[in-house]
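Single-letter residue listing:
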Amino acid sequence: MKKLIIAGNWKMNTNAKDTINLINGIKEQINKITLNKNIEIIVCPPFINIEAASNAIENSIIKLGAQNCHYESKGAYTGEISTPMLKYFNCEYCIVGHSERRQYFNEANQFINLKIKALLNDNLKPILCIGETLQERQNKFTFEILKNQLDESLAELKDEQMSNIIIAYEPIWAIGTGVTANAEQIYETHNYLRNYLVQQYPINGKNIIIQYGGSVNEKNAKEIFGIENVNGALVGGASLKVEQFISIINSGNEL
Ligand code: PGA
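These figures come from a predicted structure and were not determined experimentally.

### Considering the layout of surface pockets
- As a volume, the largest pocket reaches approximately 470 Å³.
- Lining the largest pocket we find 16 residues, and of these Lys11, Met12, Gln67, Arg101 and Phe105 sit closest to its centre.
- Class assignment for the residues of the lining of the largest pocket results in seven nonpolar, five polar and four charged.
- By volume, the second largest pocket amounts to about 210 Å³.
- Lining of the second largest pocket is provided by 17 residues; of these, Gly176, Gly214, Ser215, Gly236 and Gly237 occupy positions nearest its centre.
- Here the lining of the second largest pocket is composed, by residue class, of five nonpolar, ten polar and two charged.

### Here we look at the packing of helix H5 (residues 109–121) against helix H7 (residues 142–153)
- Between H5 and H7, whose axes approach to 8 Å, the crossing angle comes to 45°. In terms of axis orientation, H5 runs oblique to H7. H5 and H7 meet at a crossing whose hand is right-handed. Facing Asn109, Gln110, Ile112, Asn113 and Ile116 of H5, the residues of H7 in contact are Asn148, Gln149, Glu152 and Ser153.
- Residues belonging to the contact of H5 with H7 are distributed by class as follows: two nonpolar, six polar and one charged.

### Here's the deal with the packing of helix H1 (residues 16–30) against helix H10 (residues 242–253)
- With their axes 9 Å apart at the nearest point, H1 and H10 run at an angle of 40° to one another. Considering the angle they form, H1 stands oblique to H10. Crossing angle aside, the handedness with which H1 passes H10 is right-handed. Counting all contacts with H1, which are made through Leu22, Gly25, Ile26, Gln29 and Ile30, the residues of H10 involved are Val242, Phe245, Ile246 and Ile249.

### A closer look at empty space enclosed by the protein
- Under the defined criterion, the tally for this structure stands at one cavity of 30 Å³ or more.
- Taken as a whole, the largest cavity spans an internal volume of roughly 30 Å³.
- What lines the largest cavity is Gly97, Ser99, Arg102, Cys129, Ile130, Gly131, Glu170, Ile172 and Ile175.
- Contributions of two or more residues to the lining of the largest cavity are made by helix H4 (99–104) and strand E5 (125–130).
- Across the lining of the largest cavity, the residue classes tally to four nonpolar, three polar and two charged.

About the thresholds
- Residues numbered from 1 in each chain as written.
- Predicted model: local features only at pLDDT ≥ 70, side-chain atom pairs only at ≥ 80, totals over all residues.
- Heavy atoms only, no water.
- 1 Å grid on protein atoms, 1.4 Å probe; cavity = no way out; pocket = protein on both sides within 12 Å on 5 of 7 lines; lining within 4 Å.
- Points joined across faces, edges and corners; volume = space filled by probe spheres on them.
- Nonpolar A, V, L, I, M, F, W, Y, C, P; charged D, E, K, R; others polar.
- Axes fitted to C-alpha atoms, helices over the stretch in contact; angles between N-to-C directions.
- Helix = DSSP H or I, 4+ residues; strand = E, 2+ residues; numbered from the N terminus.
- Parallel < 35°, antiparallel > 145°, perpendicular 65-115°, else oblique.
- Left-handed = near helix turned anticlockwise from the far one by under 90°.
- Contact = heavy atoms within 4.5 Å.

And the structure:
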């Protein structure tokens, strides 16, 4: 049975109370399922709710992730959050390079690379998001774009560090649009990514988790999880509703 990591990216949604309610709801439903050992579940609330989430997930299998971090551990960086601050609340994962951060906050691959190094140095696991725009796909630049994002974001990392990295392939045109990439596009792209990773990292490349993200929901999750080289999902909108998130988890569990 392949390993599946299903992560909820809550984006800028929920307050502390919603966070507790959402996590309690997920916990309650998970307790009713016999969850396979190959499935891991992560929630990534906004920074301000990390403490509430950290308390709420106690005594459960749910793991905690952040949506961003800074690459310095402390200092004069107004408004930023460092990896030691995340670790204090038992955060284990951190999303980096999400397309919304690339698009609205001009985050470049080189900057993302610094964050990945900071996370790994602090024993946190980066979830590196990569993906192409619709125009890039239509012009057949998808693989070139993904290769460049990986080359630059993972620059100078060693093979042994790769067992702690998750790649999330998120076609930008599929995020929040209700349009998912079709099975053939996902198969082809994940296959390309797997080959790239195996070539670059002969020891760990074959086992690196490659999540799919972009309008994953309770209706399409089963098909997506069944595709070769898909090892889970990064779920936005559908992770904010207990029933939908649980239904996605169930789809993985029934595989
Ligand atoms: P979506 O978001 O599931 O709402 O499309 C996914 C993401 O941005 O991680």
